[in-house]
Every structure is written in C-alpha cells, then in structure tokens.
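Summary of the model geometry
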Amino acid sequence: MATIKADEITKIIREQIENYEQSVTVDEVGSVISVGDGIARIHGLEKVMAGEMLVFPHNVLGIALNLEEDQVGAVLLGEYSEIEEGDVVKRTNTIMSVPVGEALIGRVLNPMGQPLDDKGPIVTEKRNPLERLAPGVVERQPVREPLQTGLKAIDSMIPIGRGQRELIIGDRQTGKTAIILDAIINQKGQDMICIYCAIGQKRSTIAQVIKVLTDAGAMDYTIVVAASASESASMQFIAPYAACAMGEYFRDSKRHAVCFYDDLSKHAQSYREISLLLRRPPGREAFPGDVFFLHSRLLERAAKLNDANGGGSLTALPVIETQAGDVSAYIPTNVISITDGQIYLESDLFNAGIRPGMNVGISVSRVGGNAQIKAMRQVAGPLRLELAQYRALAAFAQFGSELDKATQAQLARGERLTEVMKQDQFVPLPVEKQVLIIFAGTNGYLDPVPVSECRRYEQELFGFVDTNHGSLMKELREKKQFDDGIRGKITKALEEFKERFSAS
C-alpha cells in the first residue's frame, strides 16, 4: 500500500498556489459597475479592443468605445433594460460586424442585420466589420461612369458619378428623400444595388419609403437599413456604418452599389448623445471633437476601385438637414468639406412650385462633366449658360421696365428652361429623353410655346418621338453622343413635332 507523505502534498499545493494567476479570469470576463441611458461601465476586460463586440446577459450586445484605466465604457445595442449592476460581461474577440451578401437584397433590416420585414431569417455566411479602412489613393481610379438619377436638373447640371460622394442638403420638407427615391427607382436595369439607410426617422416615414419602392418594383435591387427615431442612440450611431459595410461587399465583388444616408444630421446628434453619456469632453455645439472624423471615415469608404482591384464602385449620397437654410452651421460645413459637391434644396423654390427645388447657383458637382455621357455634356453646356444669364437678368429685370428685344428673349428662354427642369415625383426620365428636351429648349424650339404649355409640350414630344422616331432614341442611347447624323435626325423630328404641336 502506497504511503501518503504529508510534506509532498504540501509541496504540490504550495506550487499550485504560487503559479495560480487570477488575472486570467479578469482578462476575458468583466462585471457591470453601472448601467443607464444605453451606456454600461464595466470593470475587468483588461485586454478588450476598441470597437470590440461584448456579450451581456439576455443576448444583449455592446460595443467597447471608451477604454479607461480602471473601467471600460460600452454602448448597449438592443433591449438593454434587463441589464443590471453586477452582470457578467464576456469578450468575443471580434470587432463589431454585420451580415453581408446577396441574401440581403430586397430585405428590411436593423443596423445589426436582423430582419424587420417578417420574411424569415437572413441566410448568409459572410460578415463585414462595421469599421474598415477606406481604400487608399493607389487603389482608386477617377470617377468617370455616370450614375443617372433620372432627374433632368441633376443629371444635366450637377451630375453624379459612380464612386462619388454627393451631399443632398436642405431644410426639412424640401424634397431630399424624394430625390433619393427617384434615383433608386431609376436604377432599374442599371446593374446597381441601392442601400437606403434611414437614421432617426419616424417609422411611418420609413414604411412609406418602403411602400413606394415596393410599388415601383425597386425592392428587387434595394436593401433598407432602418434605425427609427424610437431606437436607441447607439443603434442610430451604427446604422450608416452597417449600410456601408453591406455596400462594400458589392464594391469588393466587382459590382456597383450606392448608399443613401438619410440623414447624417441625426447621426451626428446620436453620436453626440453617446459621447456626452460616456463623459467625453464636448466641443463646439456640444459635439465631441471627433465628429468630423465620424463622417469622414464613413464617406471616404465610397470609392471607384481601379481595374486591378476589380473596378467595383460604392457611391455615397448623404443627406444633411439644415435649420432655416443655414449652410454654414457646424455639421453642414463639415460634411460639405468631405463630399465631392452638394445639391442644395431651397424651401422658397420648392414652395414656388420649382421641384426639385434645387438652387443651381450654390449646388455643385466637383466631378463635373466626367460623370456625364458625351451627349449630355454637349447639351448641358449651353443649358448652364442660359440659366446663369437668366438668373442674372431676372434680378436686374425687376427694376427696369423697358427691356431691349435681346434681353426679353433671354428672359423668355430662361423661364421656359426653368419650367422644363421641373419634374413630377417618381417619374425619372431615361437620359436620352433628358437630352432630347434640353436640346429642344436650348435650340429655341420652346421659345414660341407659352410657359404654361411647356410641360404638355414635353409629354407630347416624348410620345411623338417614341411613336414615330423610336430608332432615334435607341441610336442616341447606344452611341451616347451627338454626331451630325443624330443631330440632323433630332432637328428633323423637332421640326415635324413643331408643326403638329402648333396645329393642336
């Protein structure tokens, strides 16, 4: 029988105690010190990474944002009312990510990639991190391919290209979301995936958007990411990054995607709320110091990749809501400086019946004609000039009663061109029809038509050309530029229609 020696046992126990490391448990598990307003302060988790996903009880997730000496500040996602002081928090060793892939197309999701549309679970293996480095300078190529919105005023004067970042800015109720919806509807058959990200909007508004897209058959190539006004600030904060990560999947798989962030003003407000609750020092207008970086790191991820990287593109169309037209406020100036141009919508123009109510004077696209087909470039040059001269003269003409013939002609043409630039909602126009009506306007075919009849002229012209000169539109669509042959045919068609319209 083996004898048990007490001194050997004591020696083994002593060695075990000396080598016992308690920090092992502290590293990977922490406990909640305090919780409130969607923020949890956690003791422990010594090796946690910034932006790491944390698991709380009741399947609540969190993101570690503040890494302090003695505690970790995390934002909670989802239903966090169950979390209590003393609850155990576990690390996941992964940065926050969302599901991506083909399975998301046609679905309505929350920012964590969970379905909101009762169409069953989303089956996809792939996940992309919320935060990713933007493609470098060498990996990009200049923006050259157009992204047609179907709106004459935008496609002709403030064109958007694939891979561009174009800001839509204006007061509330000036038609910002209407432009987005028209642009999405116009992408049908254009090999473009649209991602609409609603941040801090009423649920009724989001439901309305989804209904419009469904009725137009646009949900076949659209993903909706919704963080409504009733969601927590942390959900609204991650929403645009989630939408961008979903878009990057298509960009990186040699496809084309466009993200609409509606709107980033509410996104900045949700981030301000989180930052103040995390006790980060406030700066101008109580926004944290890194609010510029908040949007720049999001919008810089939009890019047109070069051919070596697949040639895919991700376009970003962020929305900013101004207060009483104040473009020089903090967040608007920040986002204007990050983007490649802005479409500025004015409530005065909108209320005067000019819709889209775009102020052509301070709206700009820094990509310019590169993002247009050649035919549009050829007709848009004269259009910009005519409208610029009209704006200058219209202000002057208010004072002078007697105007010479040339000035009167210039004003008359400007009025008609302004009328032709108006467009009804949810009827985006293909680019060849836009070219046709702008050509008619800048070449004087609208001059004899009364201003009130211009819209009827446009509708009847399209019908006439479709019926009698269908091959002409097809030729223009394929060649994408004017040559003498096409110019001659268009002029002939317009002359024919002139006779018919005046007779009616």
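Before reading further, recall that the structure is shown in the block above.
Residues numbered from 1 in each chain as written. Predicted model: local features only at pLDDT ≥ 70, side-chain atom pairs only at ≥ 80, totals over all residues. Heavy atoms only, no water.

1. Comments concerning the overall build of the chain
Note the cut-off: The helix count covers DSSP runs of H or I at least four residues long, the strand count covers runs of E at least two residues long, and both are numbered beginning at the N terminus. To sort residues, take the accessible area from a 1.4 Å probe on protein chains only and compare it with the maximum for the residue type: under 20% means buried, over 50% means exposed, and anything in between is partly exposed. Here, residues are in contact when the closest pair of their heavy atoms is within 4.5 Å. Only the protein chains shown count as cover for residues, and the accessible areas themselves come from Shrake-Rupley with a 1.4 Å probe. Residues scored as charged are limited to Lys and Arg (positive) and Asp and Glu (negative), so that His and the chain ends carry no count. Lys charges are placed at NZ, Arg charges at CZ, Asp charges at CG and Glu charges at CD.
Per the secondary structure count, the chain includes 16 helices and 17 strands. Overall, the C-alpha framework of the chain stretches about 120 × 50 × 40 Å when taken along its three principal axes. Among the 504 residues that make up the chain, the fraction classed as buried is 52%. Contacts in the chain between residues at least 24 apart in sequence constitute 73% of all its contacts with a sequence separation of at least 6. Carbon and sulfur atoms make up 52% of the accessible area of the chain, which totals about 23,300 Å². When the 56 positive and 66 negative side-chain charges of the chain are each reduced to one mean point, those points stand 6 Å apart.

2. Structural notes on the sheet that holds strand β3 (residues 52-56)
Let me state the cut-off plainly: Pairing between strands requires that DSSP locate at least two bridges from one strand to the other. Structural elements are reduced to axes, namely lines fitted to C-alpha atoms, with helices fitted over the stretch in contact, and the angle between N-to-C directions of any two is expressed from 0 to 180 degrees.
Taking strand neighbours around the barrel as the criterion, the 6 strands line up as β1-β2-β5-β4-β3-β6 in a closed arrangement whose pairing is antiparallel. Strand-to-strand twist across the sheet, computed as the mean angle between neighbouring axes with direction ignored, equals 45°. Sheet topology places β3 next to strand β4 (residues 60-67); 4 bridges connect them, and they run antiparallel. Bridging across to β4, L54 finds its partner in G62. Across the sheet, helix α6 (residues 233-252) touches β4 and β5 (72-77), and the angle it forms with β5 is around 85°.

3. Concerning the pattern of salt bridges
Where side chains of opposite charge bring their charged atoms close, a pairing between them can arise. Put simply, the rule is: By salt bridge we mean one thing: a side-chain nitrogen of Lys or Arg within 4 Å of a carboxyl oxygen of Asp or Glu.
Taken as a whole and judged by the stated rule, the model has 32 salt bridges. E145 is the salt-bridge partner of R162, the closest N and O atoms lying 3.7 Å from each other. A residue pair is termed long-range when its members are at least 10 positions apart, and R162 in the loop between α3 (152-157) and β10 (167-170) and E145 in the loop between β9 (127-129) and α3 qualify at 17 residues. Judged by relative accessible area, R162 falls into the buried class, the value being 8%. With a relative accessible area of 31%, E145 lands in the partly exposed category. One salt bridge in this structure joins E496 and K492, with 3.6 Å as the shortest N-O distance.

4. Looking at the nonpolar core
The line we're drawing: The criterion is simple. A nonpolar core is a set of buried Ala, Val, Leu, Ile, Met, Phe, Trp, Tyr and Cys residues joined through side-chain atoms within 4.5 Å.
Core analysis: the biggest nonpolar cluster contains 71 residues, and I184, F260, I343, Y457 and I490 have the highest contact counts within it. The greatest single-element share of this core, amounting to 7 residues, is contributed by helix α13 (residues 431-442). Setting aside chain neighbours within four positions, we find I490 in contact with L436, F439, L472, L476 and F482. Membership of the second largest hydrophobic core comes to 59 residues, among which are M53, L109, A242 and Y330.

5. Thoughts on the packing of helix α12 (residues 405-421) against helix α14 (residues 454-468)
Condition: Roughly parallel covers angles under 35 degrees, roughly antiparallel covers those over 145, roughly perpendicular covers 65 to 115, and oblique covers all other angles. Handedness of a crossing is defined here by the sense of rotation of the near helix relative to the far one, left-handed for an anticlockwise turn of less than a right angle and right-handed for a clockwise turn. Nonpolar residues are Ala, Val, Leu, Ile, Met, Phe, Trp, Tyr, Cys and Pro. Charged residues are Asp, Glu, Lys and Arg, and all others, Gly as well, are polar.
Two elements in contact, α12 and α14, have axes separated by 9 Å at closest approach and are oriented at 60°. As summarised for this structure, α12 and α14 are arranged oblique, according to the angle between their axes. Of the two elements, α12 crosses α14, and the hand of that crossing is right-handed. Of the residues in α14, those in contact with R416, E419 and V420 of α12 are C454, R455 and E458. Broken down by class, the residue content of the contact of α12 with α14 amounts to 2 nonpolar, no polar and 4 charged.

6. Some points on the environment of G73
Secondary-structure assignment places G73 in strand β5. For G73, a relative accessible area of 0% corresponds to the buried category. Taking the C-alpha atoms as reference points, G73 and F287, separated by 214 residues in sequence, lie 18 Å from one another. With near-sequence residues (within four places) excluded, G73 lies in contact with A40, I63, A64, L65, N66 and L278.

7. Structural notes on the packing of aromatic side chains
Note the cut-off: Within 6.5 Å between ring centres, the rings of Phe, Tyr and Trp (the latter by its six-membered ring) count as paired, and their orientation is classed by plane angle as stacked under 30 degrees, edge-to-face over 60, tilted in between. Charges are assigned to positions over rings by a cutoff of 6 Å between ring centre and Lys NZ or Arg CZ, combined with an angular limit of 35 degrees from the ring normal.
In total, this model carries 9 aromatic pairs according to the counting rule given. A ring pair is formed by F439 and F482, whose centres lie 5.4 Å apart and whose planes are at 55°; its orientation type is tilted. Placement of the pair is F439 in helix α13 and F482 in the loop between α15 (470-479) and α16 (484-503), with a sequence separation of 43 residues. Among the residues examined, F439 registers a relative accessible area of 4% and is labelled buried. A centroid spacing of 5.4 Å and a plane angle of 40° characterise the contact between F464 and F497, whose relative ring orientation is tilted. One end of the pair, F464, is in helix α14; the other, F497, is in helix α16, with 33 residues separating them in the sequence. Take F464: its relative accessible area is 5%, and that puts it in the buried class. By relative accessible area, which is 2% here, F497 ends up buried. These aromatic residues form a ring-pair network of at least three members: Y457, F464, F497 and F501. In this structure, R297 is placed above the aromatic ring of F293, and the distance from its NZ or CZ to the ring centre is 4.8 Å. Of note, R355 hangs over the ring of F350, and the distance from its end group to the ring centre comes to 4.2 Å.

8. Re the environment of A493
Within the secondary structure, A493 sits in helix α16. Using a relative accessible area of 1% as the deciding quantity, one classes A493 as buried. Residues A493 and H469, spaced 24 residues apart in sequence, show a C-alpha to C-alpha distance of 7.4 Å. For A493, the residues in contact, after removing those within four places along its chain, are F464, H469 and L472.

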